[in-house]
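Structural characterization, general
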Amino acid sequence: MPRFINVAAAQLGPIQRADSRRDVVERLLAHLHQAHAMGCQLVVFPELALTTFFPRWYLEDPAELDAFYEREMPGAETRVLFETAARLGVGFYLGYAELALEQGAARRYNTSILVGQDGAIIGKYRKVHLPGHAEHEPWRDFQHLEKRYFEPGPGFDVWRAYGGVIGMALCNDRRWSETYRVMGLQGAEMILLGYNTPVHNPPAPEHDDLSMFHNHLVMQAGAYQNGTWVVGVAKGGKEEGCEMIGGTCIIAPSGEIVAACSTKGDELAIARCDLDLCHSYKTTTFNFDRHRRPDAYGLITSRRGAIEPEHLAA
Ligand code: CDT
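Residues numbered from 1 in each chain as written. Predicted model: local features only at pLDDT ≥ 70, side-chain atom pairs only at ≥ 80, totals over all residues. Heavy atoms only, no water.

- For the chain, an unreviewed UniProt entry supplies the name N-carbamoyl-D-amino-acid hydrolase and the organism Cupriavidus basilensis.

What follows is the structure, encoded as structure tokens:
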């Protein structure tokens, strides 16, 4: 019997620094209501969906920095999202900056949560691949200080939810094949992934013209090579003078894009996703148990290890 999830990929246009949490939450609520009207069960929001992408600034005042983080989820300003989800029966994935107190110490993560149709949190993911740099680099047009403002999470999990097996990742994670494979090995049937990607990459401006190609390349390959749906959701448009790529899309286990946003603003892309489409990829071309050769990869690794010292000595 087919297992369908009607998914809305809820792209956001730019969020400026002056926009309050209340303003942003209103935009998220509008997406939830529209998705509900279109018969969706799950809405996927971007990475750091409650604020502007603050790692673009070197912030020296701790209070100024702390204002971008959530200390609790739900909190006073976000509770309405959970209440609305429960009332409408529409769950969501939400990316935000998390300030956690662990054994009395403040820890900062780039986090996403998966919320069920009853408004309860099902799972939490903390971003593993933190791009950018840790120190101020004044030569850049804008900073990318994720390595300063966050610490990496412990790894990739999947959750039994929405009638299937759901995984989460965040932005730069999507460029790494192991992100999808680690969740693929746990049976992921749908990977939810929010992102904030500037068109301009200061250390490699020669990649700028390829930013959308690379965005779709990695997510489509990850979907196909693991027989999973991938829902990639952007913040797009000009945010505080920084142009973000957009490119929100829903990708089938075939690797094909089946729904996409056509603007860089607040927009939904919607697809009726049959989780059983994963089966034919997971049981044939990408039947991991039959065709993967971890033993052989081990040999390759050790051979490379033996070659490297010679190469370095040459
Ligand atoms: N937010 C985030 O992870 N952004 C990075 C920018 C890296 S510049 C290529 C990304 O991978 O999209």
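Some thoughts on the pattern of salt bridges
- Applying the stated criterion across every chain yields a total of 19 salt bridges.
- The salt bridge involving Arg21 is made with Glu70; its shortest N-O contact spans 2.7 Å. With Arg21 in helix α1 (residues 21–37) and Glu70 in the loop between α2 (62–66) and α3 (79–88), this pair connects stretches of sequence that are 49 residues apart. Comparing Arg21 with Glu70 shows no difference in burial state: the two are buried.
- Residues Arg126 and Glu102 are paired through a salt bridge, measuring 3.2 Å at the closest nitrogen-oxygen approach. Of this pair, Arg126 sits in strand β5 (residues 121–126) while Glu102 sits in strand β3 (residues 91–102), and the two are 24 residues apart along the sequence.
- Relative accessible area serves as the criterion here: at 18%, Arg126 is assigned to the buried category.
- Salt bridges sharing common partners tie together Glu98, Glu102, Arg107, Lys124, Arg126 and Glu151. (Salt bridge = Lys/Arg side-chain N within 4 Å of Asp/Glu carboxyl O. Helix = DSSP H or I, 4+ residues; strand = E, 2+ residues; numbered from the N terminus. Buried < 20%, exposed > 50% of the residue type's maximum accessible area, 1.4 Å probe, protein only.)

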